[in-house]
Structure formats: C-alpha cells, structure tokens
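Chain by chain, the residues:
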Amino acid sequence: MNQKNFIVRKAAVLGAGVMGAQIAAHFANAGVPVVLFDLPAKDGEANGIVVRAIDALRKLEPAPLAAGDRAALIEPANYGQHLERLAGCDLVIEAIAEKMEWKLDLYAKVAPFIAPHAIFASNTSGLSIDRLAGALPEALRARFCGVHFFNPPRYMQLVELVACGATGPRLLDDLEGFLTTTLGKSVVRALDTPNFIANRVGVFAMLAAMHHTERLALGFDVVDALTGPAIGRPKSATYRTADVVGLDTMAHVIRTMHDSLPEDPWHRYYRSPAWLTALIDKGALGQKTRAGIYRKEGRQIQVIDLATREYRASAGELDPEVAAVVRIRNPAEKFEKLRAHPSVQAQFLWAIFRDVFHYCAVHLGAIADNARDVDFAMRWGFGWSQGPFETWQAAGWQAIAQAVREDIDSGKAMAQVPLPSWVFDGRAGVHGPHGSYSASAGTDRPRSALAVYRRQLFPERVLGETQDTGITVFENDAVRMWHTGDDIAIVSLRSKMNTLGPDVVEGLLEACERAQADYRALVIWQPRPPFSVGANLAALAPAVQAKDFAGLEKAVARFQQMTSRIKYAQVPVVAAVHGMALGGGCELAMHCARAVATLESYFGLVEAGVGLIPAGGGCKEFGCK
C-alpha cells in the first residue's frame, strides 16, 4: 500500500558497537522502539553481545540514554536467530565497522528480510554509497541511502544524508523529515564522495594544522590554544579532538582519503604523520586508552613533545600580541593583521585559514550542492561557530581571495592549484538573500522547501541570509516582546546567558500585562540556548557588598511577584525551553502553565547545592508539578 506519510513505528540498527548502540539509544530517547542486532555470542546467551552493549549504555559518559528506563525500548537480537524481526521495521540502519567487504556480506544476509516499504540506510562515515548499493537487490536500491550520524549521536547535531544513484526521489525527503522532527537532528545532504562533507573538510583542516605545526615547530598544546575557542572552535581544538576521536580512527579516515582521492591536488598530505603512527604503534590511541597526544599523570596534563617524542607538562598559551589580534571584532581587520604579523603563531593561524579556504573553494562543486551545506556541516558536525565560507565572506571576499591567490602564486599554500574562476567574478561572497552558491550548477541555491522547514519560524541561518525577526511590541536592553503576525505574543531575554536581573524581571512583568490585554497567550522563548541560568548575581552584588538587606529583600519580593504573575496570568504562559533552566530559570519555567522542552534541556534548583533556599517561589511548586 502506498501511503502519503512516512512513519517510523519501529526501527532496527545492525551492529551493537559504539556507534550502533548509541544510535539505537537515541531512537529510544525519542520513544521509537528499536531492534539492535549483532552476531550471536560464541558463549552463553546468543544475544550476549547486544545485551552487554545495552548495559554499557547506562555507564557511558556523556550519557547516551536520556533516562535509564529508555533502554527498555531497545530489543536485543542476533543475525543467527532473529532476521525475520526486520520485517516489522520501517527503518533499518547498518552501523557495523567501516570495512566494505563486511558490509556487503551483511547486506546479502539481511536484504531478503527487509519490508517492502522500509528504508535501508548505512551509517558509513565515508564509504561509497553507490558501491554499497550494488550489493542489494534492484528493488531495494531505490530505498537505500547513507545516513551518517556523528559521535556521540545523542549530542552531535549533524546527520549527513547521501543518495546512491538509484535512491528514490522521495526517500531522502521522508528521512530528512523524520530525522529533524523526531530525532531532533540538523540534516545536510552530501554528495557520494569519500568522507562526504564534514569529515572531508574537517579532517583536511586537522591535516593542515598538523602540517603547519611541524613546519613552524609549534607545540601541540600551543596549537590547541590557538585553534579552540580563540577562533570560534570547540575547546578540544585540534589535537585533543584527535585524542577523543581515537588516533587509530583518525589514521583510518586519513587512509581512506589517501586511497580514494589519488588525483586530489592535496593528495600528498593525506597521510598520517610519523609521530601519529608511532603513538598508534605503542597503543597510545587517545582518550580510550588514557594516553595519546595528551595523557594525565596524577593531576598534571602532559603532552607529547614533537621533537623528543616524550611527554612533558602541557602549558600552551597564546602570544599576547596574537591574542589581541584574534580578539579584534572586525573580521577584515583581523585577517589583514594576522597575515601581516611576524609572529609564528599569527602565521600559523593565517596559514590554516588560507589553506582551508583554498581547499573548500576548489572542491565545492565535487563535495556539496552549495556553500551553505559546507558551512552547516562544519558548524553542526565539528562545532565551528562559523563555517569556512562564512568566515571568508565576513572578512571581505575579494580581499581574502586576492591574498590566497598571492600565497598560491608564491608557493606558500599547501597546493598550487589555482582558485576557481567563480571566486573572482566580482561577488561579495557565496551567501545572500536568495540562497547560497552552487559551483556545480553555477547559480545560487535557495533553502529547502520541505514542509518540516516551512514549519520552522526561525531556522538557523548562515551569514548573508535574511531573517524575519517578527513584529516588535516593545523592547529594551533587557527583553523584547514580539509576535509573528498572529495573536500569540513571545518574550525573549537579552541579558548574558539570559540571566534574571531586576530589569529582566520588570520586562517580564510588563510582558504579562500586555499579553493579558491584547493576546491569547505568551511564550517565553530564547533564540539560542540557554533558556536561563538563573538570577543575575552580578546585579545583586552591590547590595550584598553594602549589606543592604532591605534592598535584597525588595529584589527577591519583586522576583516572586513576577513568578506569581506568570502563574496566575489570565492567558496561558508557556516556557519553550532549550538548554539550561537553572535556579531562577527553573523557577520561571515551573510557574508557567506549560513547559515545552527539547530533549537537551536541563532543569534544576542549583542553589540547594551551595546551601541556599530557592527564593523565587520554586519551593512551593514542588508538590504542584
């Protein structure tokens, strides 16, 4: 029977390793029953491998399961006894080791049991989807694709969807809608090229950093200080990220690029450095073996010294002059000064940005449909605050393009291939109000028109895209009350970490009054998490220091008036929570008529942990919720 709606009543995951078990856990988090398969155990219970994997989910950090009882939704099974259970599954995801021959052998076994309507997908991180599809019966190929989750699946935002040549036109639309609405993921459609988008660019960025680390004789800890939050990247930066991923896994991904991309202009860099191979040979594989590029000795964090190959104390710091340049708010000025600065650290930063810009421009047409997909892949998959094309565009497209061309011509760049001609066609960037540039099509691509995105009032945007910001009712430095053209009012906080100081409290009181007068409901919603980390203690500090207890009592009383006004408002007040709702933020949500929270929301009256009684009315709500 052909049905209009794609509904996943039950899923199956093939492979109970680290990724497979955690993908199954995230299905369970979303309330979707899932059958988790692996080989029959050689000794003891036949499902022993899977049972142990499910037990391990309860012990892993960060926790793959949102709550311990979610594990009850994961049904253990093995290939020897239970393949017929696949017939009851609407989505089947293969997540075994990255060995082509193992996957092809498994496909031959499971294909006859997959339901005629079900989607079959591989969680491969970079193997050819077309080649995998070739092992399937022709009728199943139209329902096959790649679905690449990032590790850990519960917490990493990105999922890459990859079609094979035979994938049906509606399949990716159905799967994208499910991944977005049910599993809460952000989806990028990648082309069927080695390592797809995020790993292709992300691993190259790490290889570029490794190359320039050796070229400029920098310490691994110094490079991590340079390539973390200082430039809008995660705290794990470059080398700590390699340790977390696993040095053996990193080497495997590099080898895949080396073997699959022999004609690539950067091919000579697709190899593991000698120091990386030496660590792997010693069994120092990173975080999973408690030693890799870094290790912990007692309370001291140690790092491998590139020259001696011995561990030393980690003490990497930014050159103060370079730190001052990195803090410059104007991107054009920042990059101009980085390129001109004589410091080795500044030259390192310019080099890694330059080579990633160069790489992405040359490969855009081959690895992605458009520049937006590259930028989102790096933001969602690697935690970059801006994607490479956004960074380039913000810094002045033509000025950066000319600087990169000069470095290519002078032999400073990692490869001598010229920038594509479209880079110099007079454009101001690749993102604009009408879409993002597609090098393969030679035109801008608009955003997806799928129904799942039409329902999103404020989807995540890339630099240069227009954003409907709604109609303002009133605003000040503390809050903004607004609506989208209907009779539901929204109030958003503007304080740091959405803390609740006296000005925010007054703004929320005013929003309640206006909502009661003119709207059917009021929603408290923040464009970005956290929801609120609680009271603005800095605003209360002067009263504490002055021992102005009367002033403190007045502030607490006003806060309680605000939460009571929310609870007893004549229109429903709804807390739309994403991220932390702590202390006063938790009390704010507790007094709302309803709290609607994303999975990754964290509530708590944290004052109790330091011996304080929650003062915003939270204590009286314990028995009411």
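Computed from a prediction, not measured in an experiment: that's the story for all the values here.

Q: Got a minute to help me understand the overall build of the protein chain in this structure?
A: In terms of regular secondary structure, the protein chain is built from 22 helices and 20 strands. Here the C-alpha radius of gyration of the protein chain, 26 Å, is about what a compact globule of 625 residues would show, namely 25 Å. Taken along its principal axes, the extent of the C-alpha atoms in the protein chain is 70 × 65 × 55 Å. A burial count over the protein chain gives 52% of its 625 residues as buried. Once local pairs closer than 6 in sequence are excluded, the contacts in the protein chain between residues at least 24 apart make up 67%. When the accessible area of the protein chain is evaluated, it comes to approximately 28000 Å², of which 54% is carbon and sulfur surface.

Q: Teacher, can you tell me more about the nonpolar core here?
A: Soluble globular proteins: nonpolar side chains tend toward being buried together. Grouped together as the largest cluster of nonpolar side chains are 119 residues, with contacts concentrated most on Phe120, Ile293, Phe389 and Trp392. Tallying contributions element by element places helix H14 (residues 344-367) first for this core, with 13 residues. When near neighbours in sequence (up to four residues on either side) are disregarded, Phe389 contacts Cys360, Ala361, Leu364, Ala371, Val374, Asp375, Trp397, Trp422, Val430 and His431. In this structure, Leu57, Val147, Val159 and Val452 belong to the second largest nonpolar core, which totals 41 residues.

Q: What is the right way to look at the packing of H14 against helix H17 (residues 397-409) in this model?
A: A pair of packed helices is captured by two measures, namely the crossing angle of their axes and the spacing between those axes. One way to put it is that H14 packs onto H17 with a least axis distance of 10 Å and a crossing angle of 95 degrees. When the axis of H14 is compared with that of H17, the two are roughly perpendicular. Every residue of H17 that contacts H14 at Trp350, Arg354, Phe357 and His358 is listed here: Ile400, Ala403, Val404, Asp407 and Ile408. Grouping the constituent residues of the contact of H14 with H17 by class yields six nonpolar, one polar and two charged.

Q: Teacher, can you tell me more about the pattern of salt bridges here?
A: Where charged atoms of side chains with opposite charge meet at close range, the side chains can pair. Within the structure shown, the criterion is met by 33 salt bridges. The closest approach of N and O atoms between Glu406 and Arg339, which form a salt bridge, is 3.2 Å. Here Glu406, found in helix H17, pairs with Arg339, found in helix H13 (residues 331-340); they are 67 residues apart in sequence, far enough to count as distant. Residue classification places Glu406 among the partly exposed positions, given a relative accessible area of 37%. Asp425 is paired through a salt bridge with Arg427; the nearest N and O atoms lie 3.1 Å apart. In this structure Asp425 comes out as partly exposed when scored by relative accessible area, which is 46%. The class of Arg427 is buried, set by a relative accessible area of 14%. Several salt bridges converge on common partners, so that one network encompasses Arg339, Arg354, Asp355, Glu406 and Asp407.

Q: Would you mind going over the packing of aromatic side chains with me for this structure?
A: The geometry of an aromatic ring pair is captured by two quantities: the separation of the ring centres and the angle between the planes. This structure, assessed with the given rule, holds 26 aromatic pairs. Taken together, a centroid distance of 5.0 Å and an interplanar angle of 70 degrees make the contact between Tyr107 and Phe120 edge-to-face. Placement of the pair is Tyr107 in helix H3 (residues 100-110) and Phe120 in strand E5 (residues 119-122), with a sequence separation of 13 residues. You'll find Tyr107 and Phe120 in the same group, each marked buried.

Q: How do you make sense of the environment of Met210 when you look at a structure like this?
A: Mapped onto the fold, Met210 is located in helix H7 (residues 198-215). Distance from Met210 to Val223, taken between C-alpha atoms, is 9.0 Å for residues 13 residues apart in sequence. In this structure Met210 touches Tyr239, Met250, Pro273 and Trp275, once residues within four positions along its chain are discounted.

Q: Help me out: how do you make sense of the pairing of strand E4 (residues 91-94) in this one?
A: Because side chains alternate across E4, one face comprises the buried residues Leu91 and Ile93, and the other comprises Val92 and Glu94, equally buried. In terms of strand pairing, E4 meets E5 through four bridges, oriented parallel. What sits directly across from Glu94, in E5, is Ser122.

Q: Just to check I follow, could you spell out a nonpolar patch on the surface for this structure?
A: On the surface, Tyr155, Met497, Met580 and Tyr602 cluster together into a nonpolar patch covering about 340 Å² of accessible area. On the secondary structure map, Met580 appears in strand E19 (residues 573-582). Looking at Met580, the relative accessible area reads 33%, which means it is partly exposed.

Q: Looking at this structure, I do not really get the sheet that holds strand E15 (residues 471-475). What am I missing?
A: Where strands meet in a sheet, backbone hydrogen bonds hold them as pairs that are either parallel or antiparallel. Spatially, the six strands line up as an open sheet ordered E15-E16-E17-E18-E19-E20, and their pairing is mixed. Across the chains shown, the open sheet's two edge strands, defined by having one partner strand only, are E15 and strand E20 (594-604). Each adjacent strand pair in this sheet contributes to an overall mean axis angle of 20 degrees, direction not counted.

Q: I keep staring at the environment of Ala366 and nothing clicks. Help me out?
A: Within the secondary structure, Ala366 is located in helix H14. Sequence separation between Ala366 and Pro446 is 80 residues, and the spatial gap between their C-alpha atoms is 19 Å. Not counting the four nearest positions on each side in its chain, Ala366 is found in contact with Leu191 and Thr193.

Q: Looking at this structure, I do not really get unusual backbone geometry. What am I missing?
A: Trans is the prevailing form of peptide bonds, just as negative phi is the prevailing case for residues other than glycine. Looking along the chain, the bond that leaves Glu61 and enters Pro62 is cis, with omega of -5 degrees. Tracing the chain through its elements places Pro62 in the loop between helix H2 (48-57) and strand E3 (74-78). The omega torsion across Pro529 and Pro530 is 5 degrees, close enough to zero to call that bond cis. The backbone of Ala237 sits at a positive phi, close to 50 degrees, despite the residue not being glycine. By the element assignment, Ala237 lies in the loop between helix H8 (220-226) and helix H9 (239-245). If you check the backbone angles, Arg309 has positive phi at about 65 degrees while not being a glycine.

Criteria and thresholds
- Residues numbered from 1 in each chain as written.
- Predicted model: local features only at pLDDT ≥ 70, side-chain atom pairs only at ≥ 80, totals over all residues.
- Heavy atoms only, no water.
- Helix = DSSP H or I, 4+ residues; strand = E, 2+ residues; numbered from the N terminus.
- Rg over C-alpha atoms; globule rule 2.2 N^0.38 Å.
- Buried < 20%, exposed > 50% of the residue type's maximum accessible area, 1.4 Å probe, protein only.
- Contact = heavy atoms within 4.5 Å.
- Areas by Shrake-Rupley, 256 points an atom, 1.4 Å probe, with all protein chains shown as cover.
- Core = buried A, V, L, I, M, F, W, Y, C linked by side-chain atoms within 4.5 Å.
- Axes fitted to C-alpha atoms, helices over the stretch in contact; angles between N-to-C directions.
- Parallel < 35°, antiparallel > 145°, perpendicular 65-115°, else oblique.
- Nonpolar A, V, L, I, M, F, W, Y, C, P; charged D, E, K, R; others polar.
- Salt bridge = Lys/Arg side-chain N within 4 Å of Asp/Glu carboxyl O.
- Phe/Tyr/Trp six-rings, centres within 6.5 Å; stacked < 30°, edge-to-face > 60°.
- Pairing = 2+ DSSP bridges.
- Patch = residues over 30% accessible without salt bridge, like charges linked within 9 Å, V, L, I, M, F, W, Y side chains within 5 Å.

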